[in-house]
Amino acid sequence: MDEPADPEADRPPPGDDRAFLGHPRGLATLSGLEVWERFSFLGMQAILVLYFADTVANGGLGMDPGTAASVSAAYGTMVYLVSVAGGWLADRILGSYRAVLWGGILIACGHYAMAVPTAAMTWSGLGLISAGTGLLKPNVASMVGKLYRTDDDRRDAGFALYYMAINIGAFAGPLITGWLGEHEGWHWGFSAAAIGMTAGLVQYVLGRRHLAGRKHSAEYALDPDAMRRAVWRISGGCLVLAALATLLAGTGLLTMDRFVDLLTLVSVIAPVVYFVVMFRSPRVTREERGRLRPYVVLFLASVAFNFILFQAYSTMMLLASTNAESTILGFDFPSSWYASALGAFEVALAPVVAAVWARMGHRQPHASNKIAIGVILGGLSFLLMVIPTSGHGGDTYRMAAWWIVGSYLLLGLGDVLLETSGMSATSKLAPKAFGSQTMALWFLSLALANGIQAQVVKAYGQVSNPVYFGLNGAVTVAVGLIVMAMAPWLRRTMHPVH
């Protein structure tokens, strides 16, 4: 497709573009896309572990709770591992706009596949969603960063609003998919997720003209010959991997446990390799390389927090389904609705955080302190669960709903603080030649968090709940305190990030 004659296609909009709550109009388009992407992704995620753990007679896959949580985490690992390829494809072949568009199409196809009530279509759908999310997530966040100049004080507030919009989908998704999944059948819930992603794609295409980074070509495109070779190699490699996986699975050499372990191993190796490549790249300047060092600390902080956050959709969901009341003021609700509490708190808290940062301007806390506080809140959300799970002789007890809700309140505030500051800092610390790929590296922290979770959650149900939640929470709080202690060094090395 020919390059459109639009000289403004890859520039931030004018500083006086305040059409969307004081922010560029393109923020509404990208936020709208993420509303529906999160509706579909987290709506499905809220019932996925319950579907895995449910009996075959009830339409589930009959896994034990620890295995169900581990497989669910492994799926999350795969989703975010693919984000590296998504960032590279955007930078070198597709461009940000087309990468997001094709990612959304793959996600929608994956959810439609999961709507078909067979195990084979479930696994195929999860594969398509993983590929699509890897294309969409790092690049849409990078496009948000392109709406602002580096010195624009609205940037952190803009990411907070973007994150608030995302969590409207995170709130609504589990309400719809959870009710359908637990009342009509799991695959009805997956169908609702498919319709949501389709709606997101439609509004994204309609709002294209308001986006920076909307040009068709990649910003650092390969030359035509290299691009053709890359496309053939990528296509051939995917086919070979699919055939090899099918063969190994058919012969019994590739079991589910081995696949989970393999994904965890890759999630550890991938970020190490990626950091080494960026540090050694001749296209990264000395100044940019200096800003990557503090980014390693932010990366590890993100891993610690998201290790807790993602368990809101695995171990916390399993705990809620077996040991939490599902009645409030006489109203019975599906246990998967607890996941909506997390989204609701983030919807409510994100605009408050955005307003505070906007009002404070340059006086607001440094990004590293925001991230450290977020990590500590995440750990406290697990430590809180030690109280209602202690002192019981068996597993038949039921805790009040407010314990789960209170845990999600702490987790939601921590998420708003860490993710908005982390994504904003990433867009400013990124070496110019690795723009979309550095944002993908932030999502690799999510892959590593899920990879670690895939191993740790195997202990769920094997050790007591107070030990499980207490130990994980304490380690996370310790990580947050370490990051806070490093604040003076981080402030010096993260310039121009405030």
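Nothing here was measured: the structure is a model prediction, and the numbers come from that model.

## Remarks on the overall build of the protein
A tally of regular secondary structure across the protein gives 17 helices and 2 strands. A burial count over the protein gives 55% of its 498 residues as buried. Taking the contacts inside the protein whose residues are at least 6 apart along the sequence as the reference set, 84% of them involve residues at least 24 apart. For the protein, the exposed area adds up to about 19,800 Å²; of that, 67% sits on carbon and sulfur atoms.

## Remarks on the side chain of Ser 340
Position of Ser 340 among the secondary structure elements: in helix H11 (residues 338–360). In this structure the side chain of Ser 340 is engaged in a polar contact, spanning 3.3 Å, whose partner is the backbone nitrogen of Leu 175.

## Some thoughts on the confidence of the model for the protein
The share of residues in the protein with pLDDT of 70 or more is 90%, and the mean pLDDT across the chain is 83. Of all helices and strands in the protein, the one with the weakest mean pLDDT is strand E1 (residues 327–328) (76), whereas helix H16 (residues 465–485) scores best (94). In this model residues 1–5 is a low-confidence stretch, pLDDT under 50, and it forms 7 contacts with partners more than four residues away in sequence or in other chains.

## Looking at helix H9 (residues 286–309)
Taking 1.5 Å of rise per residue, the 24 residues of H9 would be expected to cover 34 Å, and the 35 Å separating its terminal C-alpha atoms lies within 8% of that figure. Along H9, the helix axis deviates most sharply at Pro 294, where the bend reaches about 30 degrees. Across the 24 residues of H9, 18 count as buried, placing the element largely inside the fold.

## Observations regarding the packing of aromatic side chains
Within this structure, the stated rule accounts for 15 aromatic pairs. Measuring from ring centre to ring centre gives 6.1 Å for Phe 41 and Tyr 75, while their planes differ by 25 degrees; the resulting arrangement is stacked. Taken together, the residues Phe 41 in helix H1 (residues 26–53) and Tyr 75 in helix H2 (residues 65–94) connect sequence positions 34 residues apart. The pair Phe 41 / Tyr 75 is uniform in exposure class, with both members buried. Between Phe 52 and Trp 123 the ring centres are 5.7 Å apart and the planes differ by 25 degrees, which places this aromatic pair in the stacked class. Linking Phe 52 in helix H1 with Trp 123 in helix H4 (residues 119–145), this pair joins segments that are 71 residues apart in sequence. One aromatic cluster is present, built from ring pairs that chain together Tyr 51, Phe 52, Trp 123 and Phe 190.

## What to know about the packing of H9 against H16
It is the contact of H9 with H16, at a shortest axis distance of 10 Å, that shows an interaxial angle of 155 degrees. On the basis of their axis angle, the class for H9 and H16 is roughly antiparallel. The two elements H9 and H16 meet at a crossing, and its hand is left-handed. In contact with Val 297, Ala 301, Ala 304, Phe 307 and Ile 308 of H9, H16 contributes Asn 472, Thr 476, Val 479 and Val 483. Its residues placed into classes, the contact of H9 with H16 shows 7 nonpolar, 2 polar and no charged.

## Focus on the environment of Trp 402
Within the fold, Trp 402 resides in helix H14 (residues 401–429). Given the relative accessible area of 59%, Trp 402 is considered exposed. With 78 residues separating them in the primary sequence, Trp 402 and Ala 324 have C-alpha atoms 9.2 Å apart.

## Here we look at the packing of H1 against helix H10 (residues 315–323)
In the contact formed by H1 and H10, the axes pass within 9 Å of each other and the chain directions differ by 65 degrees. You can see that H1 and H10 cross each other, and the crossing is right-handed. The residues of H10 that touch H1, namely those facing Ala 46, Val 49, Leu 50 and Ala 53, are Met 317, Leu 318 and Ser 321.

## Brief notes about H2
Along its 30 residues, H2 runs 40 Å from first to last C-alpha, staying within 8% of the 44 Å computed at 1.5 Å per residue. The largest bend along H2 reaches roughly 25 degrees and is located at Val 84. Burial analysis of H2 places 24 of its 30 residues in the buried class, which makes it a mostly covered element. Capping the start of H2, Asp 64 holds a side-chain oxygen 3.2 Å from the backbone nitrogen of Gly 66, two or three residues further along. Looking one or two residues beyond H2, the residue adopting positive phi is Gly 95, at roughly 85 degrees.

Calculation criteria
- Residues numbered from 1 in each chain as written.
- Predicted model: local features only at pLDDT ≥ 70, side-chain atom pairs only at ≥ 80, totals over all residues.
- Heavy atoms only, no water.
- Helix = DSSP H or I, 4+ residues; strand = E, 2+ residues; numbered from the N terminus.
- Buried < 20%, exposed > 50% of the residue type's maximum accessible area, 1.4 Å probe, protein only.
- Contact = heavy atoms within 4.5 Å.
- Areas by Shrake-Rupley, 256 points an atom, 1.4 Å probe, with all protein chains shown as cover.
- Polar contact = N/O pair within 3.5 Å; in protein donor to acceptor, adjacent residues only side chain to side chain.
- pLDDT = per-residue confidence, 0-100.
- Expected span 1.5 Å × (residues − 1).
- Bend = angle between axes of the 7 residues up to and from the residue.
- Phe/Tyr/Trp six-rings, centres within 6.5 Å; stacked < 30°, edge-to-face > 60°.
- Axes fitted to C-alpha atoms, helices over the stretch in contact; angles between N-to-C directions.
- Parallel < 35°, antiparallel > 145°, perpendicular 65-115°, else oblique.
- Left-handed = near helix turned anticlockwise from the far one by under 90°.
- Nonpolar A, V, L, I, M, F, W, Y, C, P; charged D, E, K, R; others polar.

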